Amino acid sequence: MGDAVSRDKGAKHKAAEEIAELRRQIAEHDYRYYVLDDPVMSDAEYDKLFRRLQQLEAEFPELVTPDSPTQRVGGQVSSAFRSVPHTRPVLSLANAFSDQELRAFDRRAREISGAAELDYVVEPKIDGLSIILRYENGRLALGLTRGDGLSGEDVTSNVRTIGSVPLVLRDTPEGAPEYLEVRGEVFLPKEDFKQLNEEREQNGLPLFANPRNAAAGSLRQMDPKVTASRPLRALFYEIRDIRGALPVPDDETACLELLKTLGFPVPVYHHCKSIGEVIDTISSWQESRHTLPYDIDGMVVKVQKLGIARALGATGHSPRSQIAFKFPSEQVETKVKDIIVQVGRTGVLTPIAMLEPVVVSGSVVSRASLHNEDLVREKDIRIGDTVILQKAGDIIPEVVAVLPERRTGEEREFAMPDGCPSCGSPVVRLPDEVAHRCVNISCPAQIKERLIHFCSRDAMDMRGLGPAIIESLLQSGLIKDAGDIYSLRQEDIAKLPGMGAKSARNLIRSIEVSKSRPLHKLLYAFGIRHVGVRTAELISRHLQSLDEIRDATEEGLMAIEEVGPETAKAVVMFFRQDSVKQMIDKLRKAGVEAALGVQTYEDQAGPLSGKTLVLTGTLSGMTRHEATEHIERLGGKVSSSVSRNTFALVVGSSPGSKLDRARELGVRILTEEEFLDLVHGRSSVDED
Ligand code: IVH
């Protein structure tokens, strides 16, 4: 018996030794891979070590520690992120948009510090999310988001899953920090972002607008396993605090080198001896920025000497020793091969420039909306012209200007056609409008766009019923209007190109589910002019049933707050049409609840139902009105003052005293980013 126990002890001891060695080898590989970018082990060898470690830990679960690399796969699901105060404010950076502004920044820094010349470090400005990590006795103890700069959310379990985040610090020849706090950026490499979105598209999930949003959505996941499945990366650029028996670096480059020695991947950096050198470095990066595997939106310039940086201090939001140079949108030349006309759901004709494909801000662009005929005239864009193209907000392709000197005489002016390109009906332009419209409400192009709108997410939300399927349903004559969707049979759908029994079954199910959408969704789905999500809600809340809305007069409608004469007229005209009456009959027969009057308006049961939110400060990506709409769409209410009953305070820049009040009362604080995540369903609203 005693022998068996000591044999077991011996086995455990041996396992512990092997486990330690495996972890050391794996950490060494991670370091070479993520920090030095110089791996020496093949993936197969690495996997073998990893599997052996997993096997030993399965045999001896008592030997598993949180900093074992096997623990990166993601632990417990949590219901909310704990808010943790930062040890000192997490600042952001002031921006510069021109060389002059960089020179002014340098001049001011020299004046205040009294230095004749300053040297700087220049690094890419990674377009991701700030992350603050704390290490205690060499081990990762806490990972926080920036939050509002004063406190952040505890995302430790998620941070742990990121391969490039060291779980244990490496020793330096000069000693080890007892306490270390670093700041860096979490991001999703461009290629991985593309792949992630492709997968999401295939699975019918909403797409992320850009890598930054994808990274934010991935890091703020309640289930760390989801985070672990996303190939997030991190780079570190700042030591916020370091304590222990080792020399404290006194310049930026020494900080970056120390970070590397400790096991952190750092961005490429350049040490520049003057502001002139800084400007040259930035301009060469501006050219080559797309060669980096991740998105950058500028370059960060930092005073090299930390002593001087400290003396310069900070304004409320940003240090005077650092500045972000923001790249202007990249502009490229291309040729307008043709200008075609697209017909929207309300009959509006939009000219679209068909371009010779070019890469701009990292993706291939072959078409750009020219909005309307007046704009084409104003910019004098002709077919055959060479033009300058950019992406507005780095996302939407836009023709900035024409290069008239490149004309050959072969160019052709564009004119709106007299007849609709889809149905040939007359095209009219109302006196007070910039838009041209096709007047035929049975125009096939309009019908298709209306159907796409009817099924879309904010409308009847029929998952899986996208533009391509709608197109083939129309072509095969299976549907003519939205009412027909509800009499589709599984066997008909299954016969469509690219559809099988399973996808047909799923489609029928999502059509069925959509029958119980509330009245305001149905009203919005009709795609009546001027009736957006919010107006549809207001009207439904007041009139309570489809019959009442159908029978309402213009005056009756205008009595509703925010409904103006044009909207009222559009609604009345809409319900007068015979085709609309027929469509509504079909909806009734099919049992669409809102059409039957089963569904009256109730405060929408959404993720924010019964919750009151307050807004403060300026939001950068939306107006107050839009923010309010988002909240109400999710079932919440907006109030102007913070109380104990406030569910959350949404904080923009330059927040007012509401922020102090919220802190006092312990009310949850959401940054604009976090609010957007909520709005787009990338995070949930479980209470602390
Ligand atoms: S230094 C005091 N360096 O850009 C600010 N920031 O507003 C210290 N960022 O919130 C930041 N790359 O999230 C610094 N190489 C870099 C950066 C970087 C990206 C982000 C950071 C910050 C924002 C600037």
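Scroll up to find the structure.
In this report, the structure presented in the accompanying data block is examined. Just so it is clear, the structure is predicted and the values come from calculations on it, not from any experiment.

Conventions adopted
Residues numbered from 1 in each chain as written. Predicted model: local features only at pLDDT ≥ 70, side-chain atom pairs only at ≥ 80, totals over all residues. Heavy atoms only, no water. Near = heavy atom within 4 Å. Polar contact = N/O pair within 3.5 Å; in protein donor to acceptor, adjacent residues only side chain to side chain. Areas by Shrake-Rupley, 256 points an atom, 1.4 Å probe, with all protein chains shown as cover. Helix = DSSP H or I, 4+ residues; strand = E, 2+ residues; numbered from the N terminus. Pairing = 2+ DSSP bridges. Axes fitted to C-alpha atoms, helices over the stretch in contact; angles between N-to-C directions. Contact = heavy atoms within 4.5 Å. Buried < 20%, exposed > 50% of the residue type's maximum accessible area, 1.4 Å probe, protein only. Salt bridge = Lys/Arg side-chain N within 4 Å of Asp/Glu carboxyl O. Phe/Tyr/Trp six-rings, centres within 6.5 Å; stacked < 30°, edge-to-face > 60°. Lys NZ or Arg CZ within 6 Å of the ring centre and 35° of its normal. Expected span 1.5 Å × (residues − 1). Arc of directions from axis to C-beta. Parallel < 35°, antiparallel > 145°, perpendicular 65-115°, else oblique. Nonpolar A, V, L, I, M, F, W, Y, C, P; charged D, E, K, R; others polar. Disulfide = S-S within 2.5 Å.

This next bit is on the site of the ligand. Around the ligand, the structure places 15 residues, and the nearest of them are E123, I126, S130, R183 and E185. Between the ligand and K125 there is a distance of 3.3 Å, counted from an oxygen atom to a side-chain nitrogen or oxygen. Notes on the ligand: free accessible area 520 Å², of which the protein chains cover 91%. For the shell around the ligand, the elements supplying multiple residues, two or more each, are β3 (120–126), β7 (177–187) and β10 (296–303).

What follows covers the sheet that holds strand β20 (residues 637–639). Taken in spatial order, the 4 strands line up as β20-β19-β21-β22 in an open sheet, and their pairing is parallel. Across the chains shown, the open sheet's two edge strands, defined by having one partner strand only, are β20 and β22 (668–671). On average, each strand axis in the sheet is tilted by 35° relative to the strand beside it, whichever way the strands run. Here strand β19 (residues 612–616) pairs with β20 via 3 bridges, running parallel. In the strand pairing of β20, L613 is matched with V638. Relative to strand β21 (residues 646–651), helix α25 (residues 658–665) is tilted by about 140°, and along the sheet it contacts β19, β21 and β22.

Take the environment of R377 next. Its place among the elements puts R377 in helix α11 (residues 373–379). The class for R377 is partly exposed, based on a relative accessible area of 42%. Ignoring anything within four residues of it in the chain, the contact list for R377 reads E413, F414 and A415.

Using the criterion set out here, one finds 39 salt bridges in the structure. In this structure, D106 and R110 form a salt bridge, with 3.0 Å as the shortest nitrogen-oxygen distance. On the criterion of helical spacing, the pair formed by D106 and R110 is a turn pair, its members being 4 residues apart in helix α3 (residues 99–113). A relative accessible area of 3% means that D106 is categorised as buried.

Tallied over the full model, the rule gives 10 aromatic pairs. Aromatic side chains F574 and F575 sit 5.1 Å apart centroid to centroid with 90° between the ring planes, which places their arrangement in the edge-to-face category. A relative accessible area of 10% places F574 in the buried class. Through pairs of rings, three or more aromatic residues link up here, namely Y135, F236 and F264. The aromatic ring of Y31 is capped on one face by R170, whose charged end is 3.6 Å from the ring centroid. Seen from the ring of F647, K611 lies directly overhead, with NZ or CZ sitting 5.2 Å from the centre.

This part covers the sheet that holds β3. One open sheet holds the 5 strands; their spatial order is β2-β11-β10-β3-β9, and the pairing between them is mixed. Each having just a single partner strand, β2 (94–96) and β9 (270–272) make up the two edges of the open sheet. The mean inter-strand angle of the sheet, taken between neighbouring strand axes irrespective of direction, is 35°. Pairing between β3 and β10: 7 bridges, direction antiparallel. Across the sheet, the residue bridging to V122 is V301, located in β10. Relative to the sheet, α3 contacts β2, β3, β10 and β11 (322–326), its axis offset from that of β11 by approximately 175°. In the packing of helix α8 (residues 252–262) onto the sheet, contacts are made with β3, β9, β10 and β11, and the angle to β3 comes to roughly 50°.

Moving on to helix α9 (residues 275–288). With 14 residues, α9 ought to run about 20 Å at 1.5 Å a step, and its terminal C-alpha atoms sit 20 Å apart, in line with that. For α9, the set of buried residues is I275, V278, I279, T281, I282 and W285. Along the axis of α9, the buried positions cluster into a sector of 165°, meaning they face one direction only. In α9, the exposed residues that point more than 90 degrees away from the buried face are D280 and E287. Against the buried residues of α9 lie α3, β3, β9, β10 and β11.

As a packed pair, helix α21 (residues 565–576) and helix α22 (residues 578–590) sit with axes 5 Å apart at the nearest point and diverge in direction by 70°. Overall, the two elements α21 and α22 adopt an arrangement that is roughly perpendicular. Here α21 contributes F574, F575 and R576 to the contact with α22, which in turn contributes D578, V580, K581, M583 and I584. Looking at side-chain class alone, the contact of α21 with α22 contains 5 nonpolar, no polar and 3 charged residues.

Before going further, it helps to examine the state of the cysteines. Counted according to the given criterion, the structure contains 0 disulfides. Between C420, a cysteine without a disulfide, and C443, which holds the nearest cysteine sulfur, the sulfur-to-sulfur distance is 3.7 Å. Classification of C420 by relative accessible area gives buried; the value is 4%. The thiol of C438 is not disulfide-bonded; the next cysteine sulfur, from C423, is found 3.7 Å away. Residue class for C438 comes out buried when judged on its relative accessible area of 4%.

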